[in-house]
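Residue strings, one per chain:
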Amino acid sequence: MSGMPEKSGLEKSRPEKCVQRRDARETLRVEHLGKSFGSHEVLRDIDFQVMEGEVISIIGASGSGKSTLLRCINMLEEPSAGKIYYRGEALQNTPKKVSSYRAKVGMVFQSFNLFANMSALKNCMIGVEKVKKQSRQEAEELALQYLKKVGMGAYVKARPHQLSGGQRQRVAIARALAMKPDILLFDEPTSALDPEMVGEVLEVIKQLAREGLTMVIVTHEMAFAKEVSSRVVFMDKGVIEEEGTPDVIFEHPKSQRTKEFLGRFMNR
């Protein structure tokens, strides 16, 4: 099957860097977040804030704690220290509270995590039905809306094994969007894709940025991060080493570690 997106819902326009609104509210905040696995400390004293409408790219070398930070934010990993605040309220780690929170803070994984025995449509419907308790008809309407939005309207009956990697990732994005999240987290959304499939997924994310969706994106795609982000966070050895606008981080980094990392990455 072709890996190119359908035109409907994904018309390309001139890239536009996300600019945070002056009246934006704080959506998410983590304070003094830490995470250890046994004696191995992966995250140390992380302070992190997400404002409404921001697109934040998290960059850094493998093993710097980027994906673990996202998993803690989504409560897939329980932090060892610190607190997470959503809309100003401290998150309580109970099944009911976490389930409700995850419906608002969605996540797209690098490995797609689609149900192999379900069609693209069913994959996008199940969360709406089971978590948000909406009717089958409502779930189907939402699923169709977002599959069309990401250019997958022609593949609603296809199962994951019938789709390319790029198509599967676009279904995964549609599934997350169908939950109508306040924030969408992306954990290296293109790392499992063949190079020719990367562009179609990045174009979907760029379109979401243009529409003002709040996103936090762990990525190794430096040109993409520079183009789409309102803020870039550089992580190193479990801490936030430096953060700022794309122009500051990519053109005028202050930290020597940031300079070394970008020097290796940008010169490849």
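Here the structure is shown first, and the text comes after it.
Because the structure is predicted, anything quoted here is derived from the model rather than measured.

Q: It is not clear to me how the nonpolar core should be interpreted in this structure. Could you clarify?
A: A general tendency of soluble globular proteins is for nonpolar side chains to be buried together. Formed by 45 residues in total, the largest nonpolar core has its most connected members in Leu147, Ile173, Phe186 and Met215. Per element, the largest residue contribution to this core is eight residues, and it comes from helix H6 (residues 195-210). Ignoring any residue separated from it by four or fewer positions in sequence, one finds Met215 in contact with Glu54, Val55, Ile56, Leu184, Phe186, Ile205, Leu208 and Ala209. Leu33, Val105, Val216 and Val218 belong to the second largest nonpolar core, which has 28 residues in total.

Q: What's the story with the environment of Lys157 in this structure? I'm lost.
A: Secondary-structure assignment places Lys157 in the loop between helix H4 (136-149) and helix H5 (165-178). The exposed category is assigned to Lys157, whose relative accessible area is 75%. When the C-alpha atoms of Lys157 and Glu31 are compared, they prove to be 44 Å apart, with 126 residues separating the residues in sequence. Apart from residues no more than four positions distant in its own chain, Lys157 is found in contact with Ser119 and Gln162.

Q: Would you mind showing me how to read the pattern of salt bridges here?
A: When their charged atoms lie close together, side chains carrying opposite charge are able to pair. In the structure shown here, the tally under the stated rule is 18 salt bridges. Its salt-bridge partner being Glu54, residue Arg231 comes within 2.9 Å of it at the nearest N-O pair. With Arg231 in strand E9 (residues 231-236) and Glu54 in the loop between strand E2 (40-51) and strand E3 (55-59), this pair connects stretches of sequence that are 177 residues apart. Side by side, Arg231 and Glu54 carry an identical accessibility label, which is buried. The closest approach of N and O atoms between Arg170 and Glu200, which form a salt bridge, is 2.9 Å. Of this pair, Arg170 sits in helix H5 while Glu200 sits in helix H6; the two residues are 30 residues apart in sequence, bridging distant segments of the chain. What you see here is one network of salt bridges that share partners, running through Arg25, Glu52, Arg87 and Asp182.

Conventions used here
- Residues numbered from 1 in each chain as written.
- Predicted model: local features only at pLDDT ≥ 70, side-chain atom pairs only at ≥ 80, totals over all residues.
- Heavy atoms only, no water.
- Core = buried A, V, L, I, M, F, W, Y, C linked by side-chain atoms within 4.5 Å.
- Buried < 20%, exposed > 50% of the residue type's maximum accessible area, 1.4 Å probe, protein only.
- Helix = DSSP H or I, 4+ residues; strand = E, 2+ residues; numbered from the N terminus.
- Contact = heavy atoms within 4.5 Å.
- Salt bridge = Lys/Arg side-chain N within 4 Å of Asp/Glu carboxyl O.

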